[in-house]
Amino acid sequence: MAKRLELTPRLQLLADWGPQGAKFADIGTDHAYLPVWLTLQGRLQCAIASDLRKGPLERAREPGRTYGAGNLDYRLANGLADVSPEEADVIAIAGMGGETIASILAAAPWTRECKLLLQPMTSFPDLRFWLQQNGYMIENEKVIREGERLYSIWNVTGGTMKQLSPAELWVGVQSDDPLRMEYLTMMEEKLERSLRGHLAASTPNETEITALTEILAELRCMKGELE
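Since the model is a prediction, treat every value here as computed from it, not as a measurement.

Another aspect to go through is the overall build of the protein chain. For the protein chain, the helix and strand inventory stands at eight helices and seven strands. Computed over C-alpha atoms, the radius of gyration of the protein chain comes to 19 Å, within 12% of the 17 Å expected from 2.2 N^0.38 for 227 residues, which places it in the range of a compact globule. With the principal axes as the frame, the protein chain shows a C-alpha extent of 55 × 40 × 35 Å. Across the 227 residues that make up the protein chain, the buried fraction comes to 48%. Pairs at least 24 apart in sequence give 65% of the contacts found in the protein chain among residues at least 6 apart. Accessible surface, the protein chain: about 11,400 Å² in total, of which carbon and sulfur atoms supply 49%. Taken together, the 24 basic and 32 acidic charged side chains of the protein chain have centroids lying 5 Å from each other.

The next thing to look at is the packing of aromatic side chains. Enumeration over the complete set of coordinates arrives at one aromatic pair. Over the ring of Tyr151 we find Arg10, and its NZ or CZ is 5.0 Å from the ring centre.

If you walk across this open sheet you meet the seven strands as β3-β2-β1-β4-β5-β7-β6, and the pairing is mixed. With partners counted over all chains shown, the strands left at the sheet margins are β3 (73–76) and β6 (136–146), one partner each. For this sheet the average axis-to-axis angle between neighbouring strands, irrespective of direction, equals 20 degrees. Pairing geometry for strand β2 (residues 44–51) and β3, over four bridges, is parallel. When the sheet's bridge partners are listed, Ile48 is paired in β3 with Asp73.

Okay, the pattern of salt bridges next. Under the counting rule described, the total for this entry stands at 12 salt bridges. Linking Arg75 and Asp73 is a salt bridge whose minimum nitrogen-to-oxygen distance equals 2.7 Å. One salt bridge in this structure joins Glu188 and Arg220, with 2.8 Å as the shortest N-O distance. Residue Glu188 is found in helix α7 (residues 180–200), and its partner Arg220 is found in helix α8 (residues 206–226); the two are separated by 32 residues along the sequence. Beyond isolated ion pairs, a larger network of salt bridges with shared partners links Glu188, Glu192, Arg220 and Lys223.

What follows is about the pairing of strand β1 (residues 22–27). Working note: regular strand, side chains alternate between the two faces of the sheet. Most of β1 is tucked away, with five of its six residues classed as buried. Judged from the six bridges that link them, β1 and β2 form a sheet pairing that is parallel. When the sheet's bridge partners are listed, Asp26 is paired in β2 with Ala49. The β-α-β motif built from β1, the intervening helix α2 (residues 33–40) and the parallel element β2 has right-handed crossover chirality. In terms of strand pairing, β1 meets strand β4 (residues 90–97) through four bridges, oriented parallel.

As for its placement among the helices and strands, Met161 is situated in the loop between β7 (149–158) and α6 (166–171). Separated by 24 residues in sequence, Met161 and Met137 place their C-alpha atoms 4.7 Å apart. Aside from chain neighbours lying at most four places away, what touches Met161 is Arg128, Leu131, Gln132, Tyr136, Met137 and Ile138.

The next point concerns the packing of helix α4 (residues 98–106) against helix α5 (residues 124–133). Between α4 and α5, the least distance of the axes is 7 Å, while the angle of their chain directions is 25 degrees. Relative to α5, α4 is oriented roughly parallel. For the pair α4 and α5, the sense of crossing is left-handed. Where α4 approaches α5, its residues Gly98, Glu99, Ile101, Ala102, Leu105 and Ala106 are matched on the opposing element by Asp126, Leu127, Trp130 and Leu131. Its residues placed into classes, the contact of α4 with α5 shows seven nonpolar, one polar and two charged.

The rules behind these values
Residues numbered from 1 in each chain as written. Predicted model: local features only at pLDDT ≥ 70, side-chain atom pairs only at ≥ 80, totals over all residues. Heavy atoms only, no water. Helix = DSSP H or I, 4+ residues; strand = E, 2+ residues; numbered from the N terminus. Rg over C-alpha atoms; globule rule 2.2 N^0.38 Å. Buried < 20%, exposed > 50% of the residue type's maximum accessible area, 1.4 Å probe, protein only. Contact = heavy atoms within 4.5 Å. Areas by Shrake-Rupley, 256 points an atom, 1.4 Å probe, with all protein chains shown as cover. Lys, Arg positive; Asp, Glu negative; His and termini not counted. Charge placed at Lys NZ, Arg CZ, Asp CG, Glu CD. Phe/Tyr/Trp six-rings, centres within 6.5 Å; stacked < 30°, edge-to-face > 60°. Lys NZ or Arg CZ within 6 Å of the ring centre and 35° of its normal. Pairing = 2+ DSSP bridges. Axes fitted to C-alpha atoms, helices over the stretch in contact; angles between N-to-C directions. Salt bridge = Lys/Arg side-chain N within 4 Å of Asp/Glu carboxyl O. Right-handed = clockwise from strand over helix to strand, strands pointing away. Parallel < 35°, antiparallel > 145°, perpendicular 65-115°, else oblique. Left-handed = near helix turned anticlockwise from the far one by under 90°. Nonpolar A, V, L, I, M, F, W, Y, C, P; charged D, E, K, R; others polar.

Here you go:
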């Protein structure tokens, strides 16, 4: 019996959000499981798996061979530097810091014409702010549990996004997500740790302390509205 590739919950949601017949690019592809799975499902017109480093890109070729998806285009490149607008209309960038994702998109403004599947690991407020200031909008976002971690995954297109409040820049606006309360609690704890660190500093940054205090107050109001 042929091996069957199973995606993690995080990658499965990214795959589910990819439309049929897409010209797909997976940036920072790692093991290339996402483009391999979509190719095996007959969902793609074509697929590019790109990574900045040679080692990971070489490892990314193995799943294609193992599962029989031999027609992927593997590219060694920094972000979207080696992908042209004609080659991709759906782009996944997952598992990177938010500032790195923003820098990749800033270098490829043509991505405003694409569907973007983003899964930042850090710097969520920075990435949300950058998107709203640069002609992108978050159409949908969903929290996924994978193991003991929660991940926020965003479906992004070009467009005008409403100005988000300081807390919304941190946690988004999706109030009907089944994991919303748990996600808000996780982010609340993260902000509390940051605030404690600033308060304990030998030279406290009063501006940052005030900002974090206000964000925490707004976030707790969000939690109260959900209860």
